[in-house]
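Remarks on the overall topology
One letter stands for each residue in the lines below.
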Amino acid sequence: MNYDKLLNISVELGCRLMSSGAEIYRVEESVRRLLQAYGLDSPEVFAIPNCVIVSIATPEGHPITRMRRIAGHGTDIELLERCNDLCRRLCVQTPPLEEAQGLLDALPGRSYAPWQVLLGYGIAPAFFSPLFGGGVGDTLSALMGGLAVGFCLLYAGRFIGSNSFFRTAICSAVASLVSLMLVRLGLGRSVDTVTISVLMVLVPGVALTNAMREIMAGDIISGLSRAADSILTAAAIAIGTAVGLAIGGLF
Amino acid sequence: MLGIWSDYILPCLCAFLACVGFTLVFNIHGVGKLICGVGGALGWLIYLLGGSSILAAFWASAAIGLFSEIMARLRRCPVTGYLLVALLPLVPGGGIYYAMRYCVAGDTQRFLDTLLHTFGMASALAVGAMMTASLFRAAYPHLHRSRPAR
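Quick notes on the rules
Residues numbered from 1 in each chain as written. Chains lettered and ligands numbered in written order. Predicted model: local features only at pLDDT ≥ 70, side-chain atom pairs only at ≥ 80, totals over all residues. Helix = DSSP H or I, 4+ residues; strand = E, 2+ residues; numbered from the N terminus. Buried ≥ 20, exposed ≤ 12 C-beta atoms within 10 Å, placed from the backbone. Domains from an automatic or database assignment. Contact = placed C-beta atoms within 7 Å. Pairing = 2+ DSSP bridges. Axes fitted to C-alpha atoms, helices over the stretch in contact; angles between N-to-C directions. pLDDT = per-residue confidence, 0-100.

Let's shift gears to the overall build of chain B. A count of helical and extended segments in chain B gives seven helices and zero strands. The dimensions of chain B, computed from C-alpha atoms along their principal axes, are 55 × 35 × 30 Å. Burial status across chain B gives 54% buried among its 150 residues.

Below, the discussion takes up the domain arrangement of chain A. Partitioning chain A into domains gives domain 1 (3-105) and domain 2 (114-250). Computed over C-alpha atoms, the centres of domain 1 of chain A and domain 2 of chain A are 34 Å apart.

The subject of this paragraph is the interface of chain B and chain A. Between chain B and chain A, the residue contacts involve 40 residues of the former and 50 residues of the latter. Looking at the side of chain B that touches chain A, the elements that each hand over two or more residues are α1 (2-25), α2 (31-49), α4 (80-87), α5 (93-105) and α6 (108-139) of chain B. Considering every element that reaches the side of chain B that touches chain A, the biggest residue donor is α1 of chain B, with ten residues.

A word on the sheet that holds strand β2 (residues 51-57) of chain A. All names here are of chain A. Taken together, three strands build an open sheet; the order of strands is β1-β2-β3 and the sheet is antiparallel. Single-partner strands in this sheet number two, and they are β1 (44-48) and β3 (63-69). Ignoring strand direction, the axes of neighbouring strands in this sheet form an average angle of 5°. The sheet contact formed by β1 and β2 spans five bridges and is antiparallel. Directly across from A47, in β2, lies its bridge partner V52. Where helix α2 (residues 24-37) meets the sheet, it contacts β1 and β2, and its direction lies at approximately 160° from that of β1.

Below, the discussion takes up the confidence of the model for chain B. All names here are of chain B. Taken residue by residue, chain B gives an average pLDDT of 86. The fraction at 70 or more is 93%. Taking the mean pLDDT of every element in chain B, the minimum, 52, falls on helix α7 (residues 141-146) and the maximum, 92, on α2. Under the prediction, the complex receives an ipTM of 0.86, its pTM being 0.87.

Laid out in structure tokens, this is it:
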């Protein structure tokens, strides 16, 4: 068997899993099970949120290691489910490596068109505003604010840059500015309600939940780094909103 | 009757639709969308019934955790997606905002109050969901073990 190829496939699978937002234990266990299914005794896998290291020893005793660094990524549940299914299938069927590589390359499945994702960014805040006591006007304002933030996240990445702290801060500033404007124009009633509803798309709920899942699963390093991420995101939201309101207060 | 409608049913419907909106952002398709929405509505209902306190958030997230684990087992999918989206309505975005407002206004007492309340909410959410997940796994270890890469 070509162990170099097997290692490449397993690292690729781990990388895909990680970038779809899987937990650390899922990445490590999936890769380990895959390698064991192909007959390796004690594969070693180490993963943290932006790096996967896989090390195996061939039956002749020759050690091979590969490391992949993973850039910042979002959450893509469709890809996660497909990776999980593929891993399960590969472990049961253990097809030839070429076929496995082909299956892996065919992984990225359906995804929503950009306008649908933008719509999602609009719908979520719109329906959050009644939960925080908003009326019809607040709902419409939150819809527009959400669309503005979604637009910034989806299309303005080039101008905002890839730094997630900075990006969140700018998006929160946009959120509070748009809310302030719409309330001044008379569409929304309460700046607080509209801003909070729009901020719900930026709030670090995902990072927080993931952090606790990692810590409970025993991956303390990853858990702490994700917890730090969620606290930083919250700080970025607070700073961005404050700046937005201050700018809006000037006029 | 009207009270029940505006106090409970309408907010839950909104939570449902908000969560469905988030499924577009996280690229969830098919039945998963419905599961996320129902999870969010269930969590919000329990949060309202519990009196919108930190303890209520704990029970709500425990219920969401249990619901997502069961659904993930039924559909043989990773639990992550359902859990993340269903918990989102409960995440204390308002807490972060008001803490910032009080901090900027120089109202230290209320700033610290709100900040600690926000941390309390966040911890209640995290602990509630994790507790049910761990209990569920302890109760059905064979499900966890017999299927690869759960």
